[in-house]
Structure formats: structure tokens, C-alpha cells
Amino acid sequence: MNALQRVRSAPGLWLGLWVTQLVIAYAFSRPVAATVSQAISPHTYLREQLLPGIGELFSQNPELGALIGTAVVTAGILSAITWILLVAGVISRLSGPKPTAEFIGTAASKSPHMLIVTFYALIARALALMTAGLLVRGLEQPLIKAATVFVVWSICSVALDRARTQIVLAEASALHPKTLLHSFRDLFRTVPKQLAAAVGVNFLAAGFIVCSLFVAVWGMGTGWAIWAGRGLAGLTLAATLWRIAIAVESVEQGRNQAG
Amino acid sequence: MFVGFSGVRSLDAGGVIPRAHNIFWTSALGLVAALGLIACDPPAPANTPVAEPTEALRPPDQRGSVPAKSRIADYVIDAQLDAEKRQVTGTVRITWRNRTTQTVDHLPLHLYMNAFRAEDTTWMAEGRGAHRTGRPDNWQWGYIDITSANLTELRTGVDAPSPTELQQQQPKQLEWKERDDPSLADVKLPTTVGPGQQVTIELAFVTQLPTVFARTGYHDDFFMVAQWFPKVGVLEETGWQAHVFTFHSEFYADFGNYQVFLDVPENMVVGASGIRTAEEVADGRKKLTYKAEMVHDFAWTADPDFVEYHRDYNGIRIRQLIQPEHVGDAEAHFEAQIETLKSMEKRFGPYPWSTITIVHAPDGGEEAGGMEYPTLYTTSDILNPGPAKLLGFAEQFSGRFTTVHEFGHQYFQGLLASNEFAQPWLDEGMNTTSNMLVMYDWHPDDPWVAKLGNQKLTIDDSVRMALLGASTIDAVDRQVDTYRAFNPSYGVTVYRKTAALMLTLRNLVGHEVFDKGLRAYADKYRFRHPKGSDLADTLIATIGRRVTLAEAKIRHDDPKHPESQPEVVLDVRDYLDQALQTVDAVDYKLRTLKVRRIVGRSGWHRNDAGELIGGEEPEGLDTPTAKLDDDLVETLVVIDRKGEFPVPVELEVEFEDGSTQRRMWDGKARYWAFTFPGKRGIRATIDPDQKLLLEAHTLDNTRTRKRKDDGLTQAVVDSAELAELIAIGGMGL
Ligand SMILES: [Zn+2]
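A quick note: this is a predicted structure, and the numbers were derived from the prediction, not measured. (Residues numbered from 1 in each chain as written. Chains lettered and ligands numbered in written order. Predicted model: local features only at pLDDT ≥ 70, side-chain atom pairs only at ≥ 80, totals over all residues. Heavy atoms only, no water.)

**Q** Describe the overall build of chain B, listing the residues and the values that go with them.
**A** A tally of helices and strands in chain B yields 13 helices and 37 strands. The C-alpha extent of chain B, read off along each of the three principal axes, is 110 × 75 × 50 Å. Taken over 733 residues, chain B has a buried fraction of 60%. In chain B, 74% of the contacts between residues at least 6 apart in sequence involve partners at least 24 apart. When the accessible surface of chain B is totalled, it reaches about 28,800 Å², and 49% of it is carbon and sulfur. Side chains of chain B give 78 positive and 107 negative charges; the mean places of these two sets differ by 4 Å. (Helix = DSSP H or I, 4+ residues; strand = E, 2+ residues; numbered from the N terminus. Buried < 20%, exposed > 50% of the residue type's maximum accessible area, 1.4 Å probe, protein only. Contact = heavy atoms within 4.5 Å. Areas by Shrake-Rupley, 256 points an atom, 1.4 Å probe, with all protein chains shown as cover. Lys, Arg positive; Asp, Glu negative; His and termini not counted. Charge placed at Lys NZ, Arg CZ, Asp CG, Glu CD.)

**Q** Break down the overall build of chain A for me, citing the residues and quoting the values.
**A** Across its full length, chain A holds nine helices and zero strands. Along the three orthogonal principal directions, the C-alpha set of chain A runs to about 70 × 50 × 30 Å. Taken over 259 residues, chain A has a buried fraction of 52%. Residue pairs at least 24 apart in sequence account for 77% of intrachain contacts in chain A once pairs closer than 6 positions are excluded. Accessible surface, chain A as shown: approximately 11,600 Å² in total, 69% of it carbon and sulfur. Averaging the locations of the 19 positively and 10 negatively charged side chains of chain A gives two centres separated by 7 Å.

**Q** Can you explain the packing of helix 6 (residues 397-408) of chain B against helix 7 (residues 424-442) of chain B? Please cite residues and give values.
**A** All names here are of chain B. Across the interface, helix 6 lies against helix 7 with an axial gap of 9 Å and an inter-helix angle of 125°. Compared by their axis directions, helix 6 and helix 7 come out oblique. Remark: the crossing between helix 6 and helix 7 carries right-handed chirality. For the pair helix 6 and helix 7, contact is made by R400, F401, V404, H405 and G408 and by E428, N431, T432, N435, V438, M439 and W442, respectively. Across the contact of helix 6 with helix 7, the residue classes tally to five nonpolar, five polar and two charged. (Axes fitted to C-alpha atoms, helices over the stretch in contact; angles between N-to-C directions. Parallel < 35°, antiparallel > 145°, perpendicular 65-115°, else oblique. Left-handed = near helix turned anticlockwise from the far one by under 90°. Nonpolar A, V, L, I, M, F, W, Y, C, P; charged D, E, K, R; others polar.)

**Q** Kindly report on a negative patch on the surface, identifying the contributing residues and their values.
**A** Together, E84, D220, D221, D305, E325, D363 and E366 of chain B make up a negatively charged patch on the protein surface. Residue D363 of chain B is classed as partly exposed on the basis of its relative accessible area of 45%. (Patch = residues over 30% accessible without salt bridge, like charges linked within 9 Å, V, L, I, M, F, W, Y side chains within 5 Å. Salt bridge = Lys/Arg side-chain N within 4 Å of Asp/Glu carboxyl O.)

**Q** Outline the pattern of salt bridges, supporting the account with residue identities and numerical values.
**A** Residue and element names in this part refer to chain B. Tallied over the entire structure, the rule returns 50 salt bridges over all chains. Linking K346 and D441 is a salt bridge whose minimum nitrogen-to-oxygen distance equals 3.5 Å. With K346 in helix 5 (residues 330-348) and D441 in helix 7, this pair connects stretches of sequence that are 95 residues apart. Look at K346 and you get exposed, because its relative accessible area is 55%. According to the relative accessible area criterion, D441 is partly exposed, its value standing at 25%. A salt bridge links D574 to R545, with the nearest nitrogen and oxygen atoms 3.7 Å apart. Here R545 lies in the loop between helix 11 (532-543) and strand 27 (546-550) and D574 lies in helix 12 (residues 572-581), a separation of 29 residues in the sequence. With a relative accessible area of 42%, D574 lands in the partly exposed category.

**Q** Give a description of the pairing of strand 8 (residues 197-208) of chain B that names residues and reports values.
**A** Residue and element names in this part refer to chain B. Among the twelve residues in strand 8, eleven count as buried, and that is most of the element. Across eleven bridges, strand 2 (residues 87-97) lies against strand 8 in antiparallel orientation. Each bridged residue has a counterpart across the sheet, and for V88 the counterpart in strand 8 is T207. Pairing of strand 4 (residues 143-156) with strand 8, which is carried by twelve bridges, proceeds in the antiparallel orientation. (Pairing = 2+ DSSP bridges.)

**Q** Would you mind going over the nonpolar core in detail, with residue names and values included?
**A** All names here are of chain B. In terms of nonpolar packing, the biggest core is built from 182 residues, with W96, W228, F298, W300 and L576 touching the most fellow members. At twelve residues, the largest contribution of residues to this core is made by helix 9 (residues 489-509). For this core, the domains that each give at least three residues are domain 1 (60-371) and domain 2 (587-729). For W96, the contacting residues outside a window of four places in its chain are I72, A73, V104, L107, V193, Q197, Q198, V199, V232, L235, W240 and D254. (Core = buried A, V, L, I, M, F, W, Y, C linked by side-chain atoms within 4.5 Å. Domains from an automatic or database assignment.)

**Q** Could you give an account of the sheet that holds strand 24 (residues 393-395) of chain B, with specific residues and numbers?
**A** Residues and elements named next belong to chain B. One open sheet holds the three strands; their spatial order is 24-25-26, and the pairing between them is antiparallel. One side of each edge strand has no neighbouring strand; the edge strands of this open sheet are strand 24 and strand 26 (455-458). Direction aside, the axes of adjacent strands within the sheet are offset by 15° on average. Where strand 24 and strand 25 (residues 448-452) come together, three bridges link them in antiparallel fashion. Across the sheet, the residue bridging to E395 is A450, located in strand 25.

**Q** Tell me about the packing of helix 9 of chain B against helix 12 of chain B, and please be specific about residues and values.
**A** All names here are of chain B. It is at 10 Å that the axes of helix 9 and helix 12 come closest, and there the two elements cross at 165°. As summarised for this structure, helix 9 and helix 12 are arranged roughly antiparallel, according to the angle between their axes. Judged by the twist between their axes, the crossing of helix 9 over helix 12 is right-handed. Contacts between helix 9 and helix 12 involve K497, L501, M502, T504 and L505 from the first element and V572, Y575, L576, A579 and L580 from the second. Its residues placed into classes, the contact of helix 9 with helix 12 shows eight nonpolar, one polar and one charged.

**Q** Describe the confidence of the model for chain A, naming the residues involved and giving the relevant values.
**A** Residues at a pLDDT of 70 or more form 99% of chain A, whose mean pLDDT is 91. No element of chain A has a lower mean pLDDT than helix 7 (residues 178-189) of chain A, at 88, and none a higher one than helix 2 (residues 11-40) of chain A, at 94. (pLDDT = per-residue confidence, 0-100.)

**Q** Got a sec to walk through the interface of chain A and chain B? Specific residues and values, please.
**A** Opposite the 70 residues of chain A that make contact, chain B presents 69 residues. Together chain A and chain B conceal approximately 6,500 Å² of surface at their shared face, both sides included; 72% is due to carbon and sulfur atoms. Sorting the residues of chain A by area buried against chain B places H43, L51 and E56 of chain A first, and these three jointly supply 11% of that buried surface. Connecting chain A to chain B are two salt bridges. Residue R47 of chain A pairs with D461 of chain B through a salt bridge whose shortest N-O separation is 3.0 Å. Linking chain A to chain B there are 14 residue pairs in polar contact (both at pLDDT 80 or more). Of all elements in the fold, only helix 2, helix 3 (50-60), helix 4 (63-94), helix 6 (142-170), helix 8 (192-218) and helix 9 (224-258) of chain A reach the threshold of two or more residues within the side of chain A that touches chain B. Considering every element that reaches the side of chain A that touches chain B, the biggest residue donor is helix 2 of chain A, with 13 residues. (Buried area = accessible area lost by both parts, 1.4 Å probe. Polar contact = N/O pair within 3.5 Å; in protein donor to acceptor, adjacent residues only side chain to side chain.)

**Q** Now, about unusual backbone geometry: what can you tell me, with residues and values included?
**A** Here the amide bond leading from S41 of chain A into P42 of chain A is cis, since omega sits at 5°, within 30 degrees of zero. Its place among the elements puts P42 of chain A in the loop between helix 2 and helix 3. The backbone of E171 of chain A sits at a positive phi, close to 55°, despite the residue not being glycine. Inspection of the secondary structure puts E171 of chain A in the loop between helix 6 and helix 7. Under the relative-accessibility criterion, E171 of chain A is labelled exposed at 61%. Despite not being glycine, D283 of chain B has its phi angle at roughly 55°, a positive value. Residue placement: D283 of chain B occurs in the loop between strand 16 (275-282) and strand 17 (285-295). With a relative accessible area of 80%, D283 of chain B lands in the exposed category.

**Q** Which residues make up the confidence of the model for chain B, and what values do they have?
**A** All names here are of chain B. Across chain B, pLDDT averages 88, with 90% of residues at or above 70. Segment residues 5-39: pLDDT under 50, and 63 contacts once partners within four positions in sequence are set aside and those in other chains are kept. Taken over the whole predicted complex, pTM reads 0.89, whereas the ipTM for its chain interfaces reads 0.95.

**Q** Describe the side chain of S79 of chain A, naming the residues involved and giving the relevant values.
**A** Locating S79 of chain A in the fold gives a position in helix 4. Since its relative accessible area comes to 6%, S79 of chain A is described here as buried. When residues no more than four places from it in sequence are discounted, the contact partners of S79 of chain A are I24 of chain A together with I728, M731 and L733 of chain B.

**Q** How would you sum up the packing of aromatic side chains? Please name residues and give values.
**A** Counted under the stated rule, the structure contains 36 aromatic pairs over all chains. Plain terms: the ring middles of Y490 of chain B and Y495 of chain B are 5.7 Å apart, the flat faces sit at 80° to each other, and that makes the pair edge-to-face. Accessibility classification places Y490 of chain B together with Y495 of chain B in one group, the buried group. The rings of Y75, F205, W228, F229, Y258, Y290, F298 and W300 of chain B are connected pair by pair, giving a single aromatic cluster. We note R125 of chain A situated over the ring of W153 of chain A; from NZ or CZ to the ring centre the distance is 4.3 Å. (Phe/Tyr/Trp six-rings, centres within 6.5 Å; stacked < 30°, edge-to-face > 60°. Lys NZ or Arg CZ within 6 Å of the ring centre and 35° of its normal.)

Now the structure itself:
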């Protein structure tokens, strides 16, 4: 089974995670809705151009900017926490069909491990990005700069996927930083093709994010934008699962060869 | 001078795209950009040199009226630039003509550069050493020191030519003294100068240029040499007008002719007011001679890095001195310049001079940017929006609008030389008004200034939004030191509120008649020093003092008839007084839109015989209006006046049958109720055509019935939710 097949054979997993994301985003946008609606009520804004209305709204309700910022950050944090709680189950499910109880069991029992390795990965990512930032500083082309930084970012994500997978499927130690360090090493030494594939898939995910930005800007004030954005969130999630499945596939192959 | 649009800044700050994950966004956008979606930098324009004009003024048939009697102060300046010391050493010979009925015994001199001489000058104390964007990195005080003063000639006859050669007669040494604030000094004359006399004095001076942080000074090899020589004040019938150089203050001077000899390092590319009449290179130095006629200042710039481009517009030589890294923007500035010339010549009469020079300060020297001088101005660079461009972000504020604004000053203070200290709104505010008219002319269908995707902000919206800021701290018609540096009111009030009040008036009385009034002002006060009252009087003379905006159409037998319309008269004088002299705001609110049962005829009434008849129960009191016949219902609309500035305002009501009706209200009472018998209103909007630029708060201008969404909440909430989804997905957990 290749990585993409692993994702395609787990539609329930994808659907469940997608709905979770949508619920989080929807829930945190409710306070914004209440505030804006209260600010405008009982009046109506009918001009085709929204920017003047939005400008007045934000200037007269300065708390609104903070509220939206908080909504975005909180939704992000909550989503990250949810992910850490679930990711072991996700990896386990991508390794093969599992009953829901086992999914939950793995997710729960491994979540402290996931938290630790994610923490290590955060440090590694910060260091890697700082280094990348220093390296590209002299580059003239902003596009090459940005692409380089994104490749480094993606490598960190892929290494974290591998470390998590090693912990879930191969009983690697989460506490020891070497699990993560070895993941980085193995990606380059042992499975460079998988690294390249996973980074490529991460570019695909980034492509969906860019599309979402376009939708957010060009669809502002239309009814379709939010649905297109929700759809793109599902595609971004699918690409992320695909990236993780590449790690699962790679670790399973390694174990089979070793076995 | 250009002061940023704070309204747009506040919009930026309240944007819906999260700041976190910047690197990620940059990377993702970089990915798309790498796919070739990014537009390339525009190419440098073709450079076809246009010869230096031979006369400083355009030919008589093109220049419009240039009254000889406006010539008051001539200057002959001989100056050397020491690029190492950043000093200009020179002499100035000032010939001043007394065209008033007053007799004077001294000449007040502006020594503007002394504002930057010490921490405790009036200017520095107010600004605390910082201007628009802050303090310079390397500190260098600026000052001007007069080293000698001599009287060289005093004669009768103001129209006698001023001397260009040093007089043979023995110069007489003069006494001079700085005032408490060193930006002013007085030169004592040995004898009085009466009406019809002219006097010539010669001063030697040394000007130390500061690091550029307020219009003038140097940055590396770039020199913006402005406010650099002693300038005589303006004698009015009420006495001398010479003001301490204060923080927001600009300048006030008489017209005259300038001949300027500059001696600069050979590698310098020089731009200056007027035309160059001679150039000579020898011993590593360049000696240049300039001539400017009928101007009230002279500024110049020098930078070895300037790249030079030319255009010709109807015999006007447009010269652009741009930094090499920005040559791609030169064409956009030319376009803005030419569109502005087209619009302003049409609206305000011929541009009289034969040349205009556009100057770009280098990075780090931006504080020299966005400033006007006779036939020369500094603009600002066009911002590169970076990846935001891919998302559909565009704006015309940076660069283009600065060019429109600074050229606009060639009229609104260059030609209509108002006192910028006493009435800064007459130049900055009226110039901003003219800038908006230029934008209307340039983009007649769509005068946008910022775009984001399909969304646009028009120039009117930007001004209206700016008024949301600090428009109620200070009134418009105040002398410039009223606006304190720690208040944000100067830019909002002097620039935008002036434009808003002028264009609101234009929208109310009609574009044609208003434009005619403005043209009459421009024609009458060309090469003069108009005051605010001159502008108001000229506008009223053209528009009329009282303008009837709606005839009374009240049917006395049925005052609630659909045709009913109270008379609405705008008193232009009262309007201008309240707009200019108070901080009162224009603000209306649509309080009520409802359909109700019409007043019935049940109850006791007397018949012709005087007997009480009837007494029947009222019908349909509790029936929902939707179930009543049309002729038993009416629409009630109530408008509240929230602001203290009453301005005539229109109301538009849309009905269930698809028809609409408009009414006008003079806005004077605290509220006004309109009824529409037999009609079921579904929408009522105040100021449907957005004529009232003075009304900043418009979110309460419309009410609807039978509509679920308020038109804005969903858009904002969807954007917020999308931002959350992008953040969640973008983390790539
Ligand atoms: Zn200005």
C-alpha cells in the first residue's frame, strides 16, 4: 500500500479531523459575529464596497481587531492541542484499519509522548529557521529566499512526522531527543526519496493555503468564499495526512526490511 | 507637504489576516510567485532629453496673467556647497519693493534653518527633535549665520529694475539682530522706506545643513537645500508678516525674480527652481546659473546618483531626478504629473512657468520627500507591496498621490500664495481638495486609491475615513501653531477636513457652479496672497449666498401627501463658517423605519349641522399591517441629527413595490419624520449618493425591513473564520 492509498482508505479519519477543524473555526468566529452584529444593529450596510464599512467598523470598535486576532490564535492553539492528543491515533490508523476504541486508546496512551517530541521539534524548528534565515539573508531574490525557508520548515515537519511514527509504531523513546535527531539523520541518509516526496506534498498543502488566501481576499463579501475556504481546509488536511502517511509507509517498510 | 492618510493606517491595523506564521505565508506566496504569477518590475522609461527652456516663464499666450505689480522681492544669490562640511556659503542681494501705503524702518528676515540650531528653538521644542518619521540616525544641527549686512541701494520707484551687479556706491553697513527665536532676525534700515520705494541689501551667510529629518538637509551625498538663505517677510497693510518657524508651519513670502549662482562638486547632478541659464565645469567644480521668475522661494538639490528623465507637456519641461533603484517608477510619476497638469490647468488656469522638476530622495533621506518648492518638488517612492500584490492589493497613495499633491502646491501656494502660517488650510487643505478633483478627472469612473481583491477604497472614502480620527480636536481655520505636535489633528483637519467640507459643498450646490467658483478664485488671486475670506467671498459670489436645494412641495389640504417636501435652503456663508470655525461634526442617524396603520376616521365628528355623529369603534388597530390594505398603511421614517453641524441631507426610501422616493431635509431640527402614505417601506437610506464627505459615521445611515443580514457581519465573520482555517491548516501539524 502506498502513502496516498493509506489516506484514501481512511475516509472516516479525514472526515472526522476535517469536521473537528471546521467546528473549532466556526466556534471561535461566533464571538466575532456577536460583536460585529451588535455594533451594526439595528442598521444595515448596503454598499457594494465593503472596505469603507469595515474601516469604520474597526475604527469605532477597536476591540474587534484584538478579538479576531485572539480568535485566530486560540483556534490555532486549540487545534494544535487537539492534534497532539489525536496524532498517535492518526498514525496508528494510517498504518492500517483499526477499531475506534484502539484509535482512541493509542491516541490517549501516546499523547504525552507526542507532546514531548513536539516540544523538541519546536526547538529544532526554531533553530533550523533561524539558521535558514541567516543563510538566505544575503540572497537577492525574495522568491528563492522564501522557497528556501519553506523547504527548511517542511523538512522539520517531515522529521517530526517520522519521529512520531517511530514512537507510535516502533516503540521509539519520545523522551530521548535522539529519536527526533535520528529522524533528521535518517531522512537524509536512509530515505531521501521519502523526504523529497513529503516536502513536495507539503508544497501541495502550501498551495492549498495560498488558494485559501486568494479565496479570503477575492471572495470577501460573497457567499461562496467561506464554503470554498472550508473545502480547501479539507484538501489541506488531506495533503497533511498524505505527508504523514509517507512517514508511516517509510517506517513500516524499514521495519519489514529489518524483520 | 504630504502627511499620510491616517484612516488607511487604521484599516491596516485592523486587517483580518493574522500576523503569525509570517514566514509560512511568505514561503507559500513565494511558491506561487515562483510559478510565475508575480509581475516584473516596470522598465525604466525611454529617455528623450528635452532642452532646457530659455525663459523661466512660458510664452505670454500660454502663461496666463502674470501681474507685474506682484513682483516685490528679488534675490540674487551666489552660493558654494562644501559637500564635506555640508555647508553652503554665500551672499544674497535682496531688492525689496514697498507696494503698500506703510513706511518701514526694518526688514524682518526668516532664518528658517535656525529652527534646527538647538533643542530649545520653538520648532525643536515642539517636535522634540523628531518630525514625521522620527529622528535621524546621525545628528547634525542645522543653522544659518549672517556674517555681514550692507545696504547697497535705496531708491524711489518700485518698478525700477533691481540691480544684478554690485552697486558702485559705497555699501553702508547695517545692524541686524536675531529675535528670541533664532528663526527670525531684523535688519535695521538707516532710513525709512516709504510707499513706492525700493531697497537693496546684501547679506553674507553660512548655512550648515542638518541631517535631513524635516524637509531640508543632507543624507550621505544627497543634498536637499531648502529654507537655506535669509528671506524677507511680507509687508501687508496691517504690518509685517513674519512668523517664528514652528513645527507644522510652512512658509509665506512675496513673489519676485531669482538669479542664483551655484558652485558644487563636479560629480553632482543638480536640480533647482527655475531654469538653468549657464553651466561651466572647471577644477572639479561645477558652476551653474539659474533663473526663476515670479516665484516666492528657491530650492535646489544635488546628488551624484540622480538619474535624469524628461518629458514635455505643452512646452513645459518636466524633469525627473530619480534614484537608480527606482527608475522603474519614473513613468508612473510622469503619468501622475501630466494627469495633474491636465486637470489643474483646466480647472485653475495656466501653469505659468516653463519647467517643473520632480525629485526623489534616496532611501534614508525620505524626510526630504513630499515637499513643494517653486517649480520643483520632492515626491515619495511607490511602495512595493511584495507578495500582497499577488493577492490583489494595490494602492495609489504612495508615490503617485504624493506627486499629484506636491505638484498641486504649484497652484495652491505656488500661485495662490496664501499665508501658510496664518491659514495653513488654504494651501494644504485646498490643495488636497484639488488633488481629489485631479483623481476624479484622472479616473472619472473609478477614483480608487486602494484595492484588495474585488474591494476598493475611493478617494472620497479615504477622506471620510480619515475624519473618523482626530477631526474634532481643532477647527480648520486656525493658525498653524494651534495644531500641537502631540495631537494627530493637523493632517486630519487641515488637509482632509478642508477637502471634505469643500467637496461636500460641491456635491450639495452642484459640481459645475462650485467649480466655476473655484476657478474664479484661482483667476482672481493668481500671484497674490489670498486669505480665507477671499476664498469664501469668491465662492459665495459665484454660487450665491443662499442656495435652494429643494422647493417646498407641501399640500396644505394634505401635508402628508407623498409629494410633501419642506423647502431646503443652504446658507453657504453659515455652512463655511461652521465648517471652518468649529469642530462640530456632521452626523445623522436613521432612527426609525416602520410601516404603520394610517390615521383612520372612526370616532365622533360633527356633521354640517353641528351634530356629533359616528362613534364607531376604530378598525384594524390590532391588525398586523401586512394584512391591511395598502391605502390603510403608511411608512414612517425618522432621522436624528446626532452632530452639531446641520447640513442638508437626502433620504431615499425603497418600497415593497420596487419603487423609490427621495426627500430632502435641511437637517436643522434635532430629528425629522417623513411619512409615505399608502407605501410599505423596506429600506431607508440617508445620503444615498454619499454626498456628505463630512459625515464620517455612516454605519447608522441605513435601515431595512424584512432583511436578515446586516450586510457586514457575515463578511467580517467569514473572513475571520477563513483566517482561522488558514492558521490551522498553515501550521501543518
Ligand atoms: Zn502639502
